[in-house]
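# Chains, contacts and geometry: an overview
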Amino acid sequence: MRRFIALTFVLLLLAGSTLPTHAQPASPHVGNSRIPKLPPVMTTYEVYVGGIHFLTAEILFQEEADKYKTHMHAHTAGYLYKLLKWDDNVSSSGRIKGSKLQPISYQSVDTWRDKPKTTELVFDGKGNIKANFDPPNTDKNRETVSDEQKQGALDPVTALLQMLAHVAVNQDCNVSVPVFDGKRRFDLNGEDKGVETVDEKDYGVYSGAARLCAVDFNMIAGEWKDREKNKFWEKENGEKGRDAFHIWLASLAPNVPELPVRLESESAWGPIIGHLANWHYATPEEIKDSGSK
């Protein structure tokens with residue numbers, strides 16, 4: 001099950017990237033720039049691990065009255081769902097102030113073989129974060145994350161949205177964002193790699209020029225002390241640390257913001273490859289259904 005939990009973060013990298021990325025600075029001051037309004041967007045991504053179709057995710061992003069909300073339903077794909085039944089419903093909400101996102105709440109309901117585990121993060125608006133677990137967290141042999149280390153961090157979804165807000169305003173991926181997922185505190189460090197051509201002849205719905213962003217991880221606290229429990233945060237050659245994710249962003253239509261169209265990384269389980277399989281403006285029914293999950 002730890003593999004699924006780790007791979008959820010791969011899908012969150014995709015979830016975070018549904019933020020509009022056509023914003024232009026309203027003034028030379030980045031803090032005064034605003035993220036443009038965006039109709040609700042629904043995207044579907046497929047993720048392969050070691051050549052096996054492993055996960056599917058449906059992701060909804062909503063923006064209304066200077067507030068945002070993202071919901072993702074991820075699950076094991078195809079026949080694997082019968083053998084390894086796993087679902088994860090992840091939601092995040094908060095406020096939009098100029099080019100900055102301020103989280104209010106985050107929830108992940110991770111269900112392995114009909115046994116749910118819920119993680120909730122509550123933000124007090126002053127930089128403090130409280131994590132709640134149901135059932136209670138019983139992890140042992142893990143580093144402790146202090147209140148000082150959590151101060152000002154964002155939940156995983158909001159952190160990725162914030163990275164895309166930086167892309168929108170600055171037209172590059174060169175940004176660092178602090179993240180707290182309830183157990184780990186780490187930084188996401190983005191680096192702009194310019195424009196490349198994506199060729200999706202067999203998979204995905206996009207082919208053409210795309211912005212390439214490399215996203216690296218810097219663990220601050222909350223690491224497993226037992227390396228055997230830490231495969232996601234281990235490089236392909238077994239070294240401590242996580243190989244960078246490479247994400248390609250592109251606009252699919254003149255009035256559609258840049259979306260991630262492909263994601264690649266190495267892991268202890270083999271290559272991780274994700275691609276955009278479908279997208280559309282969300283229907284009222286889809287928005288209603290997401291609110292009930």
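As a starting point, this report considers the structure included with it. (Residues numbered from 1 in each chain as written. Predicted model: local features only at pLDDT ≥ 70, side-chain atom pairs only at ≥ 80, totals over all residues. Heavy atoms only, no water.)

### Some points on the overall build of the protein chain
A count of helices and strands for the protein chain gives five helices and 13 strands. Across the protein chain, contacts joining residues at least 24 apart in sequence account for 57% of those joining residues at least 6 apart. When the accessible surface of the protein chain is split by element, carbon and sulfur atoms take 49% of a total near 13,500 Å². (Helix = DSSP H or I, 4+ residues; strand = E, 2+ residues; numbered from the N terminus. Contact = heavy atoms within 4.5 Å. Areas by Shrake-Rupley, 256 points an atom, 1.4 Å probe, with all protein chains shown as cover.)

### Re the pattern of salt bridges
Where charged atoms of side chains with opposite charge meet at close range, the side chains can pair. Per the counting criterion, the structure on display carries nine salt bridges. The salt bridge partner of K193 is E191, with a shortest N-O separation of 3.5 Å. Classification of K193 by relative accessible area gives partly exposed; the value is 41%. Here D192 makes a salt bridge to R211, at a shortest N to O gap of 3.5 Å. Taken together, the residues D192 in strand β9 (residues 185-198) and R211 in strand β10 (residues 208-221) connect sequence positions 19 residues apart. The exposure class of R211 is buried, given its relative accessible area of 13%. Through salt bridges that share partners, D139, R142 and K183 make up one connected network. (Salt bridge = Lys/Arg side-chain N within 4 Å of Asp/Glu carboxyl O. Buried < 20%, exposed > 50% of the residue type's maximum accessible area, 1.4 Å probe, protein only.)

### Observations concerning the pairing of strand β6 (residues 115-123)
Examined bridge by bridge, strand β5 (residues 100-112) and β6 share eight bridges and lie antiparallel to one another. Directly across from Y106, in β6, lies its bridge partner L121. In this structure, the hairpin formed by β5 and β6 is closed by a connection of two residues, where R113 is found at a positive phi of approximately 50 degrees. Judged from the six bridges that link them, β6 and strand β7 (residues 129-134) form a sheet pairing that is antiparallel. Note on β7: the bridge partner recorded for E120 is N132. What sits between β6 and β7 in their antiparallel hairpin is a turn of five residues, with G125 showing a positive phi close to 80 degrees. (Pairing = 2+ DSSP bridges.)

### Digging into the state of the cysteines
Disulfide: a covalent bond connecting the sulfur atoms of a pair of cysteines. Throughout the structure, instances matching the rule amount to one disulfide. Two residues share a disulfide in this structure: C173 and C213, whose sulfurs sit 1.8 Å from each other. Of this pair, C173 sits in the loop between α4 (156-170) and β8 (175-180) while C213 sits in strand β10, and the two are 40 residues apart along the sequence. Assigned by exposure class, C173 and C213 land together as buried. (Disulfide = S-S within 2.5 Å.)

### Digging into the packing of aromatic side chains
By the definition in use, this model includes three aromatic pairs. Summarising the aromatic geometry, the rings of F217 and F245 are spaced 5.7 Å apart at their centres and angled 65 degrees between planes, so their arrangement reads as edge-to-face. One end of the pair, F217, is in strand β10; the other, F245, is in strand β11 (residues 245-251), and 28 residues separate them in sequence. As far as burial versus exposure is concerned, F217 and F245 are alike and both buried. With a centroid separation of 5.8 Å and 85 degrees between ring planes, the pair formed by W279 and Y281 is classed as edge-to-face. Among the aromatic residues, those joined into a ring-pair cluster are F186, F217 and F245. (Phe/Tyr/Trp six-rings, centres within 6.5 Å; stacked < 30°, edge-to-face > 60°.)

### Details of a nonpolar patch on the surface
Together, I52, Y79 and L83 give the surface a local cluster of nonpolar side chains, amounting to about 340 Å² of exposed area. Within the fold, L83 resides in helix α2 (residues 80-83). (Patch = residues over 30% accessible without salt bridge, like charges linked within 9 Å, V, L, I, M, F, W, Y side chains within 5 Å.)

### Details of the nonpolar core
Counting residues in each nonpolar core, the largest one holds 57 residues, and the members touching the most others are M163, L188, A210 and V261. Ignoring any residue separated from it by four or fewer positions in sequence, one finds M163 in contact with V175, V177, L188, N189, G190 and V215. (Core = buried A, V, L, I, M, F, W, Y, C linked by side-chain atoms within 4.5 Å.)

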